[in-house]
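# What the coordinates show
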Amino acid sequence: MKRYGMVMAMLLALPAMANAWYLNAKSASTAQGTVSPAGTKYVATGVDSAEYTVTPSSTAYKIKKVTLDGADLAPNANGKYVAPYDAAKAYRYLVAYFTANTTYYNITTTAGANGAVYEDTYESLTNIVAGASRQILVVPNTGYSIADLTVSAGGVVTDTANGKLVTFDSLAADQSVAATFAVTPVFNVNAGADITLPSYNTVGNVFGAVDTNLGAATYTWSSQERTSGTAPAVVTTSKIVFDNPNAINSAFRISATKSDGTLGASFAKGTYDLTLTVVAGGQTKTDIVRVTFLDGKAANLNVCTACHSNNTPEFVASYVAGAHGSASGHETGTCQRCHATTGAQVGFAQGWVGSYATLTANQATVWTPNQPLISDNGISCSVCHNAHGGLNAVTGWDPNQNQVNNDQFDVCTACHTLTDSTGALAGNYHDGSSPSIERTISDSHFDNPATAVVEGYNVRKNSATPCADCHDLHTVNIAIQEEWAESGHAGKIAVAKTDALCSNSLLYYGAAVGAACTDIRPTSTRTYIEDYKRTNTTAANGTVGANELVKTIGPNTLEAFVHYNWTQTTGTGNRASCEKCHTATGAANYMSNPAGYVAANNDFSHIPGWTAAAGSNSKELLYCWGCHSDSQTGALRNPGAVKADYKFQGAAAVYPNVGPSNTCLTCHIGQASGNSITDLTAAGNTFTNQSFVNSHYMAAGSLMYAKGGYTNFVPAQTALGTTSYGQTLTSDADMTVDINGVATAGKLTSTHRKLGTAAIVGDHGITAEMNLASAGPCATCHYAGGDHTLELGQKAIDAVCSKCHAVTDQTTLDEFLEVEGSAPFEAAINLALTKLAANYNITYNQASYPYFYDVSAANGAVKNWTRSNFLTTALSAADAEKLMGAAFNINLLQRDPAAYAHARSYARRLLFDSIDFLDDGIMNLSAADTAAASGIKDALGNDVFVKGATALDPTTTEAYKYLAAYDRTTGAWKTPVRP
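Notes on the structure follow. Here the structure is a predicted model, which means the values were calculated and not measured.

Reading the values: the criteria
- Residues numbered from 1 in each chain as written.
- Predicted model: local features only at pLDDT ≥ 70, side-chain atom pairs only at ≥ 80, totals over all residues.
- Heavy atoms only, no water.
- Helix = DSSP H or I, 4+ residues; strand = E, 2+ residues; numbered from the N terminus.
- Rg over C-alpha atoms; globule rule 2.2 N^0.38 Å.
- Buried < 20%, exposed > 50% of the residue type's maximum accessible area, 1.4 Å probe, protein only.
- Contact = heavy atoms within 4.5 Å.
- Areas by Shrake-Rupley, 256 points an atom, 1.4 Å probe, with all protein chains shown as cover.
- Lys, Arg positive; Asp, Glu negative; His and termini not counted.
- Charge placed at Lys NZ, Arg CZ, Asp CG, Glu CD.
- Disulfide = S-S within 2.5 Å.
- Pairing = 2+ DSSP bridges.
- Expected span 1.5 Å × (residues − 1).
- Polar contact = N/O pair within 3.5 Å; in protein donor to acceptor, adjacent residues only side chain to side chain.
- Axes fitted to C-alpha atoms, helices over the stretch in contact; angles between N-to-C directions.
- Phe/Tyr/Trp six-rings, centres within 6.5 Å; stacked < 30°, edge-to-face > 60°.
- Lys NZ or Arg CZ within 6 Å of the ring centre and 35° of its normal.

## A closer look at the overall build of the protein chain
A count of helices and strands for the protein chain gives 29 helices and 38 strands. Taken over the C-alpha trace, the protein chain has a radius of gyration of 55 Å; the compact-globule value for 979 residues is 30 Å, which it surpasses by more than 25%. Along the first, second and third principal axes, the C-alpha set of the protein chain runs to 195 × 105 × 55 Å. Burial status across the protein chain gives 42% buried among its 979 residues. In the protein chain, of all internal contacts separated by at least 6 residues, the share reaching a separation of at least 24 is 57%. Total accessible area computed for the protein chain in this model is approximately 46,000 Å², and 54% of it derives from carbon and sulfur atoms. The positive charge centre, built from 57 side chains, and the negative charge centre, built from 77, are 9 Å apart in the protein chain.

## Description of the environment of H902
Within the fold, H902 resides in helix α26 (residues 899-902). On the basis of relative accessibility, which here comes to 13%, the residue H902 falls in the buried class. Residues H902 and N302, spaced 600 residues apart in sequence, show a C-alpha to C-alpha distance of 51 Å. In contact with H902, other than residues within four places in its own chain, are A700, M704, H782 and D896.

## Here we look at the state of the cysteines
For the structure on display, the rule yields three disulfides. Note that C338 is cross-linked by a disulfide to C415, the S-S spacing being 2.0 Å. Residues C338 and C415 are joined through a disulfide that is left-handed, its torsion about the S-S bond being -95 degrees. Placement of C338 in helix α4 (residues 336-339) and of C415 in the loop between α8 (408-413) and α9 (429-432) is noted, with a sequence separation of 77 residues between them. Overall, C338 belongs to the partly exposed group, its relative accessible area being 22%. Take C415: its relative accessible area is 16%, and that puts it in the buried class.

## Comments concerning the pairing of strand β26 (residues 271-280)
Examined bridge by bridge, strand β22 (residues 217-223) and β26 share seven bridges and lie antiparallel to one another. Bridging from a neighbouring strand, W221 pairs with L276 of β26. Linking β26 back to strand β27 (residues 283-293) in an antiparallel pair, the connection comprises two residues, with G281 at a positive phi of about 55 degrees.

## Here we look at helix α27 (residues 904-920)
Here α27 contains 17 residues, and its C-alpha end-to-end distance of 25 Å stays within 8% of the 24 Å for a straight helix at 1.5 Å per residue. Where burial is concerned, most of α27 is hidden: 14 out of the 17 residues are buried. The positive-phi residue at the C-terminal boundary of α27 is G921, with phi of around 75 degrees.

## Topic: the environment of V366
Among the secondary structure elements, V366 is positioned in helix α6 (residues 356-367). We classify V366 as buried; its relative accessible area is 19%. The spatial distance from the C-alpha of V366 to the C-alpha of G347 is 8.7 Å, given a sequence separation of 19 residues. Ignoring anything within four residues of it in the chain, the contact list for V366 reads Q350 and W352.

## Concerning the side chain of Q408
Considering the arrangement of structural elements, one finds Q408 in helix α8. Reaching out from Q408, the side chain makes a polar contact with the backbone nitrogen of A468 at a distance of 2.9 Å. With residues up to four places along the chain from it excluded, the contact list for Q408 reads L391, A464, T465, P466, C467, A468 and L473.

## A word on the sheet that holds β22
Read from one edge of the open sheet, four strands run β19-β27-β26-β22, paired in mixed fashion. Of all the strands in the sheet, just β19 (195-197) and β22 have a single pairing partner and so form its edges. Between one strand axis and the next, the sheet turns by 25 degrees as a mean value, whatever way the strands run.

## Looking at the packing of aromatic side chains
Enumeration over the complete set of coordinates arrives at 29 aromatic pairs. Consider the rings of F692 and W865, whose centres lie 6.2 Å apart with planes at 40 degrees: the pair is tilted. Here W865 lies in the loop between β38 (860-861) and α25 (877-894) and F692 lies in the loop between α18 (674-682) and α19 (700-704), a separation of 173 residues in the sequence. Residue class for F692 comes out buried when judged on its relative accessible area of 6%. Plain terms: the ring middles of Y697 and Y851 are 6.1 Å apart, the flat faces sit at 85 degrees to each other, and that makes the pair edge-to-face. Of this pair, Y697 sits in the loop between α18 and α19 while Y851 sits in the loop between β36 (842-844) and β37 (852-854), placing them 154 residues apart in sequence. For Y697, a relative accessible area of 25% translates into the label partly exposed. Given the relative accessible area of 5%, Y851 is considered buried. An aromatic cluster is present here, built from Y457, W484, Y623 and W625 joined pairwise through their rings. The side chain of K65 reaches across the aromatic face of Y97, ending 5.3 Å from its centre. Taking the ring centre of Y851 as reference, the NZ or CZ of R895 above it sits at 4.1 Å.

Such coordinate-based values are descriptive only and should not be taken to indicate function.
The following block contains the structure:
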């Protein structure tokens, strides 16, 4: 029944459903858009569908069409879509279609003539998708510029290197760009590159340039005037004058005029601004070129330094710092011949050289017609040097008479005149005018062969380097030479000349009694000696002028290098064997080749009047080139380890190789040693007729290295406690014997001996950084800081002495040496001489060879050392040897006045042993007691030798302590008493 009921219900409903219909709505692409409502919907019979909304998924899409059963369906007034009722169709289909939402725009460009407007990457400017970007270039042709630019509202304009850039971002409408173009005015002015000219006597050229399209142009060159003199008064003005000031190119030069239009006396070299002014098309433009006028010296230096600053920078530095490279101020008149570049070049070329008399005689005909109006300050390289071609010739000038006129002597003496072309002493301009002995060399570089006085240096005129023998020709600094002239190597010639100038200056001006030559002279602003140095005439009182005086003064004839005629190399009485140490030639030849040295081959032909058989009255001092192989660099001759002419411990004495100090040791080790005396005994000499064996002089090296003294008073193995005599008198670098006669090293040490060697580092706090470990002991102290006086002055104090001793200046050093060494040392020598005279009737005269004289033999030279002519019991030959040995030690030590410093312990022991023998003829350690009992007084009447309770006792004198051993800490006297 239920099934039947259901069927009946359906049958009853069929008529009603016959006209109802269904609508299926959908989107063709849900990614692009939607239809709402979507899907199948039931629609009642006779009724249209509901409204359907069709929506794109984003603005990127739009509705393309909507179809109903495949036919386009239009939207209603609400923009909605409705499917109408169709009785014939029970099922209908609505489909929405979408498409991309694209809009296109255009950019219109317009370009006038002589330019272009275009997209920068040539993309299309039509049908541009909305939101896209474009860049438009506006570019004028060459010679043109943008006259007008019109851009629609959406464009942004920026500059480019040659036009404009218009940018449109995110197009949302059509756009436009329009440009017109016009000719660009051209007006460029260039005065040219800056100019450097080698001399303000030089003509220069300017080369201007103008580029314009404005029509014809006019030109004017001008310069800024420079003023010299003290403002506000204008003394001289200098400016540039142009040969063609209204041309684009012109030559120019410096003009010097006074305010009245007359020629001025000086030029203002330096930098000038030259202005080029150009007018064209009613416009004016200017440009400046800077011109720098160098003086000729600087210009030549620039040429030379282009290479030499890299190749030989030391030459450049020396020249720039030296007298030749420094401005002198003598740029005009006759002075420029030797004080300025152009003047010197003209003087050389015209041969205007010679003495004052010669120069003045030839001035009108040789100099005046050719002289430069103005010259370049200082002496440039080109005055002396012909670049890469040797030295410049000096017309008609041959003062060394070797038939050429461009060797070093010719060139240097063209201004630093010594002799003329006949070889006669001439002197330079200042010998006759504006006298000043400090401006001449005739008083210091000439030794008159007609006199026994050594008035000056003998130049090796015909050598390749007569001037560079001693001078650095680039620095031209004579400080070293002045120091040398004060040294013993120069016989202290400068000291002798200065002393003579000082005393004569007072006489010349009739100074009051008690006046000093360094006092300001009445009516003058200078001292007596300063004024006197400028004199070349004889005073009314007969005192000669300084210019004449200094040509007659030389070293004391007792000085080592002038005492004898050293240059006689052959014949009777020749002193060829002495030449290696008493002449510069001998020293140079020996130290250059000790093994091959032959004294007879020494050539002194540069000395006036010299012959090998007779020598000459003129003499050589120890010149720069004697010790130095190169005076330009200061390099010393180095003979290597020095071998003495005597023996030490029976074999040839050989000294250690101490580098630069080898030069000093060559001549400062003496000519004989204590071994020379023991050799006499070995040869059977009885000392009854034996001349004194002379150690020679200044034998500091033989003392420092403990090889020179006489030590044979007792056998070397004789005991002094646990140490032998030999050990106390032998350097720790040499061998001797101990108390058992076994070979052993000596025990004599010395800090001073270590100076200049690696051994000094660590001694007394000396460090490697103090630079005291390389030059050997002699050069380290006496050549400290390059001091050529070779004295212990401030340079040595600063560099050496103050490192160990509490000394700061000459005064504190002298005081230290007086107390610690020299006074006690001299007192001990005096005691030895006192005992020699009292006990052996022998006197000592240091100034008269052979120095020891026999009072018992009419004061003749001592030859009988047994003293049989004085003593009741003559000395044995062995003791006579010791007597001569004691005398030898006295002379050796006396001849080295700084022996107390060179060999402190060695000197004390030699003196102790000598006194020990001289006081009683027995070696019994009596010297200290003998000193205390001597009764010798000082100048104030005080006892010289006083022994207190200890060495620290205030009553104990330094002289006694010098001859006695004591504990350095407690002052307690030691046994044995020998120091």
